[in-house]
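# Structural features, examined
This is what each chain is made of:
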Amino acid sequence: MQIPTHLAIIMDGNGRWAEQRRLPRILGHRKGVETVQTIVDECLELGVRYLTLYAFSSENWGRPQEEVEALMGLLGTFLKKELSQLQKRGIRLMAIGELDRLPKSISKILNDITKKTADNDRMVLNLALSYGSRNELTRAMQRLGREIAAGKLQADDLTEMDIEAVLDTHSIPGPDLLIRTGGEMRISNFMLWQMAYTELYFTETPWPDFSRNKLLQAIEVYSHRQRRFGLTGAQLRDVGADDGEERH
Ligand code: FPP
């Protein structure tokens, strides 16, 4: 089975999972945290190198205050509890997004864990927090604009690499596979630049019910996709990028 180097996940459906059971939405998020732990473990075992989880979007700030506070609370508890597990498993924690909007207590723990795990090299767990792709691109353009205004860069000389370098994800390759749980089939402002050639996989399963087996199913489907990056299958075989296996 072909394992994606970088797996990104939109963990959707927590609220509906809870509502269907007549439970408060936050219980869906709490169950969702358990799924996060299961999936992190499985990714580590499979040899995924980068796992990006969309944990809180720029737009999520607009949810009822009590849900926002509850989500921040869960995140804080998760981070505090997780440090020793991350160290034990050799996982490096990173975060992308407009992190200065997060409550001080959360950004403090986040900074602390990011620093303490910086040398871990088995897997990167990258949390998208207060993240929106358009916001990330806007901040990136502002930075480039300032460099151009300061005479450090020429507008006409800008390359795709210059843009990559100012994105929050600058040290991380683009995702090979995106999984979205919860039945919606859209990207919702998630890593728009980075996902130019990402394989997409949508499942009805809400995030709290997502499991090791469902992850394996998604990766199995991904394994049978032929990624051509705009080239023909024959060209890929010529450069040895394709293993010649029949794919669907
Ligand atoms: C989408 O479900 C999920 C979220 C907005 C938050 C995801 C957060 C977690 C799983 C917990 C915190 C994360 C970590 C990494 C500890 P939804 O509420 O939009 O579901 P709905 O579409 O059914 O309403």
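Look a little higher up for the structure.
So, here's what we can say about the structure. Values in this document were obtained by computation on a predicted structure and should not be read as measured data. (Residues numbered from 1 in each chain as written. Predicted model: local features only at pLDDT ≥ 70, side-chain atom pairs only at ≥ 80, totals over all residues. Heavy atoms only, no water.)

## What about the overall build of the chain?
A count of helices and strands for the chain gives eight helices and six strands. The helix and strand sequence of the chain, counted from the amino end, reads β-α-α-β-α-β-α-β-α-α-β-β-α-α. In terms of overall dimensions, the chain is globule-like: its C-alpha atoms have a radius of gyration of 19 Å, near the 18 Å expected for 248 residues. In terms of principal-axis extent, the alpha carbons of the chain reach across some 55 × 50 × 35 Å. Within the span of the chain, comprising 248 residues, buried residues form 45% of the whole. Restricting to contacts in the chain with at least 6 residues of sequence separation, those with at least 24 account for 76%. Of the roughly 13,300 Å² that the chain leaves accessible, carbon and sulfur atoms contribute 48%. Mean positive and mean negative side-chain charge positions of the chain (33 and 35 charges, respectively) differ by 7 Å. (Helix = DSSP H or I, 4+ residues; strand = E, 2+ residues; numbered from the N terminus. Rg over C-alpha atoms; globule rule 2.2 N^0.38 Å. Buried < 20%, exposed > 50% of the residue type's maximum accessible area, 1.4 Å probe, protein only. Contact = heavy atoms within 4.5 Å. Areas by Shrake-Rupley, 256 points an atom, 1.4 Å probe, with all protein chains shown as cover. Lys, Arg positive; Asp, Glu negative; His and termini not counted. Charge placed at Lys NZ, Arg CZ, Asp CG, Glu CD.)

## As for unusual backbone geometry
Look at S188: it is not a glycine, yet its phi comes out positive at around 50 degrees. In this structure, S188 sits in the loop between β5 (177-180) and β6 (199-202). Positioned with a positive phi, M191 is a non-glycine residue whose angle comes to about 40 degrees. As for its position among the elements, M191 is in the loop between β5 and β6.

## A short note on the pairing of strand β1 (residues 6-10)
Regular strands place side chains that alternate from one sheet face to the opposite one. Counted residue by residue, β1 has five buried out of five residues, so it is predominantly covered. In β1, alternate side chains face the same way, and those of H6, A8 and I10 on one face and L7 and I9 on the other are all buried. Here β1 pairs with strand β2 (residues 50-57) via five bridges, running parallel. If you follow H6 over to β2, its bridge partner there is Y50. Strand direction decides the pairing type here: β1 and β5, joined by four bridges, are parallel. What sits directly across from I10, in β5, is R180. (Pairing = 2+ DSSP bridges.)

## Regarding the sheet that holds β2
One open sheet accounts for six strands, arranged β3-β4-β2-β1-β5-β6; its pairing is parallel. The sheet terminates laterally at β3 (91-96) and β6, the two strands that pair on one side only. Looking at each pair of strands side by side, their axes are set apart by 20 degrees on average, direction ignored. In the packing of helix α2 (residues 25-46) onto the sheet, the strands contacted are β1, β2, β3 and β4 (123-131), and the crossing angle to β4 comes to about 145 degrees. (Axes fitted to C-alpha atoms, helices over the stretch in contact; angles between N-to-C directions.)

## Some points on the site of the ligand
Around the ligand, 17 residues are found, and the nearest of them are D12, G15, R16, R25 and R63. Measuring from an oxygen atom of the ligand, one finds a side-chain N or O atom of R25 at 3.0 Å. Contact with the protein chains hides 92% of the accessible area of the ligand, taken as 620 Å² for the molecule alone. Of all elements in the fold, only α1 (14-20), α2 and α3 (65-89) reach the threshold of two or more residues within the shell around the ligand. (Near = heavy atom within 4 Å. Polar contact = N/O pair within 3.5 Å; in protein donor to acceptor, adjacent residues only side chain to side chain.)

## Topic: the pairing of β6
Residues E199 and Y201 point to one face of β6 and are all buried, whereas L200 and F202, pointing to the other face, are not buried. In this structure, β5 lies alongside β6, joined through four bridges in parallel fashion. Pairing of R180 across the sheet is with F202, part of β6.

## A short note on the environment of K214
With respect to the element layout, K214 can be found in helix α7 (residues 212-223). Owing to a relative accessible area of 31%, K214 belongs among the partly exposed residues under this scheme. Through-space distance from the C-alpha of K214 to that of E136 is 31 Å; in sequence the pair is 78 residues apart. A distance of 3.4 Å separates a polar atom in the side chain of K214 from a polar atom in the side chain of T205.

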